[in-house]
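This is what each chain is made of:
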Amino acid sequence: MSTDPYNGRMDAAGTHKYEQVASEIARLIDSGTFRPGDAIPSVRELSRQHGVSIATVVQAYYLLEAQGLIEARDRSGFYVRTARPSALPEPDISAPRSDPTGVSVRDVVAEVSLADTRHPNLVQLGAAHPNTSLGAPTALTRIQASVARRMGHRIGMYDYVPGCEPLRVQIAQRALSSGCRLSPDDVIITTGCTESINLCLRAVCRPGDTVAIESPTGFDALLSLDVLGLQALEIPTHPRDGISLDALRFALDHHRVSACLVVTNYNNPLGSCMPDDHKRDLVDLLAARDIPLIENDIFGEIHFQDRRPNVAKAYDRKGLVMLCSSFSKSLCPGFRVGWVVPGRFMPAIRWLKYTTSLASPTLSEYAIAEFVASGSYDPYIRRIRRTYERYVGALSDAVRRFFPPECRLTRPGGGFLLWVQLPERIDSLDLYRRALSAGIAITPGYLFSPTNQYRNFIRLNAANWSDETLPALRTLAALIGQ
Ligand SMILES: Cc1ncc(COP(=O)(O)O)c(C=O)c1O
């Protein structure tokens, strides 16, 4: 039977009981009370000592096991590990083909993304969904009821472009922490980041035009290029520092490019984050050639270090940067609230938004505006950052322990995604199908390049860590080994 680790009791800092128990054992290991090879208290004993349920201790031990601190030995309990797993190397900077290419990813996206996200019983390591059991939907639904009562029939009306003013005020205020000075009038509310990116592409590209993208890049962007009939120019991208500016400069010298589309902070799937001075250089490089930058900052709030990274928009002097984002990763995707700061393309984007969908869902906009304005968003975001950092750490440790030693693994400083390079012999789509038969969803590398650069890569999502994750990773490792 599976227990839900997110429903356990929490302390004031938002830490679950099983995490508190795990931390205490981890401290005893760090301080040398329990040494490598020592048996730690049995589940029953610890449950009695701490006055917590057996299930809580089991979850705590699973977490310590995932962190590589302890190991289970057949029928004799848990022991402190004698050696921590050694780190796997990171993947190299990517080396995609250097010509523009048509994009055709619909079939593989239809097979993978649309199919397995509807299946409720899979262990979900696939789709890049945030963890919606961390509290956001509950809080937002409560606010929605109260907003609807207060606004009466007006809540049923269109909130025409540019959308909910109180929300645009909050977005402009929060932009200060990413280096941007914005007015609420600079912002248009959209129905998610996907809509923002599509509007931007339509504003500056015509069918057949070329867009420079990171390689690998999320399939949401590839689908947009596919549907709009645009060519992709894949640019080498470093797993930690993001798109290579030298490679981009070279590409721009040799090809006519209509726009550049970049996830500057915690790219999906790499988790790469461009250093702020690279962002300034990127903006300058494109501005010198009058090429618009479509910047996707959807993961920017989920940073593990103290300071939020800036956005490239912070260095925009010519209005050429179109900043796109949403609350889909930081709160939840189902409310469908995003935004775009279109710079000099404001008139075009405003018109495109109007003719595409008139407005975004009024109730969602107002509920999120109130959640942010009430001061509840910041503590929530602080808590999920810590949670995702722990889950990314636990998932990384498990991959190091269970997967073949020739694998490579990213070390993201934010977000909740890991990109794993598997041995050459592995075909990730075949692995995906076998994993699905075993009840596990992963995302095969085929979805991240229009030219199949990542046949032997998979993306894993750590956000929905549960007590089913470790057994699933063991199964996955066995499938890789077969
Ligand atoms: C990089 C990136 N951009 C955009 C999206 C979609 O965002 P939204 O739900 O706001 O449309 C995703 C979702 O996985 C994503 O990973």
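Residues numbered from 1 in each chain as written. Predicted model: local features only at pLDDT ≥ 70, side-chain atom pairs only at ≥ 80, totals over all residues. Heavy atoms only, no water.

1. Looking at the pairing of strand S13 (residues 417-421)
Within a regular strand, the side chains alternate between the two sheet faces. To be explicit about the condition: Burial classes: relative accessible area under 20% of the type maximum marks a residue as buried, over 50% as exposed, and values in between as partly exposed (1.4 Å probe, protein chains only). Helix and strand assignments come from DSSP, with helices taken as H or I runs of at least 4 residues and strands as E runs of at least 2, each series counted from the N terminus. When DSSP finds two or more bridges between two strands, those strands count as paired.
Among the five residues of S13, five are classified as buried, and the element is accordingly described as predominantly covered. Both faces of S13 are covered, namely the face carrying Leu417, Trp419 and Gln421 and the face carrying Leu418 and Val420. In terms of strand pairing, S13 meets strand S16 (residues 457-461) through five bridges, oriented antiparallel. Residue pairing across strands places Leu418 opposite Leu460, the latter belonging to S16.

2. Brief notes about the pattern of salt bridges
When the charged atoms of two side chains with opposite charge come close together, those side chains can pair. Which entries qualify depends on this criterion: Take a side-chain nitrogen of Lys or Arg and a carboxyl oxygen of Asp or Glu: if they are within 4 Å of each other, that pair is a salt bridge.
Applying the stated rule across the entire model yields 26 salt bridges. A salt bridge links Arg474 to Glu65, with the nearest nitrogen and oxygen atoms 2.8 Å apart. On the criterion of sequence distance, the pair formed by Arg474 in helix H15 (residues 469-481) and Glu65 in helix H3 (residues 54-66) is long-range, its members being 409 residues apart. Taking relative accessible area as the criterion, Glu65 reaches 4% and is therefore assigned buried. With its nearest N and O atoms 3.8 Å apart, the salt bridge here joins Asp290 to Arg344. Here the residue Asp290 occupies a position in the loop between helix H10 (276-287) and strand S9 (293-296), and Arg344 occupies one in the loop between strand S11 (338-341) and helix H11 (346-357), the gap between them amounting to 54 residues.

3. Examining the domain arrangement of the protein
How we decide: In this document the domain limits rely on a domain assignment from an automatic tool or a database. Contacts are assigned to residue pairs that have any heavy atoms within 4.5 Å of one another. Here the buried area means the combined drop in accessible surface, using a 1.4 Å probe, for two parts upon being joined, counting both sides.
If you check the domain split of the protein, you get domain 1 (5-80), domain 2 (106-133 + 379-481) and domain 3 (136-377). Each partner contributes to the interface: domain 2 provides 31 residues, whereas domain 3 provides 35 residues. Of the roughly 3000 Å² buried where domain 2 meets domain 3, counting both sides, 63% is carbon and sulfur surface. Counting across the interface, domain 2 meets domain 3 through two salt bridges.

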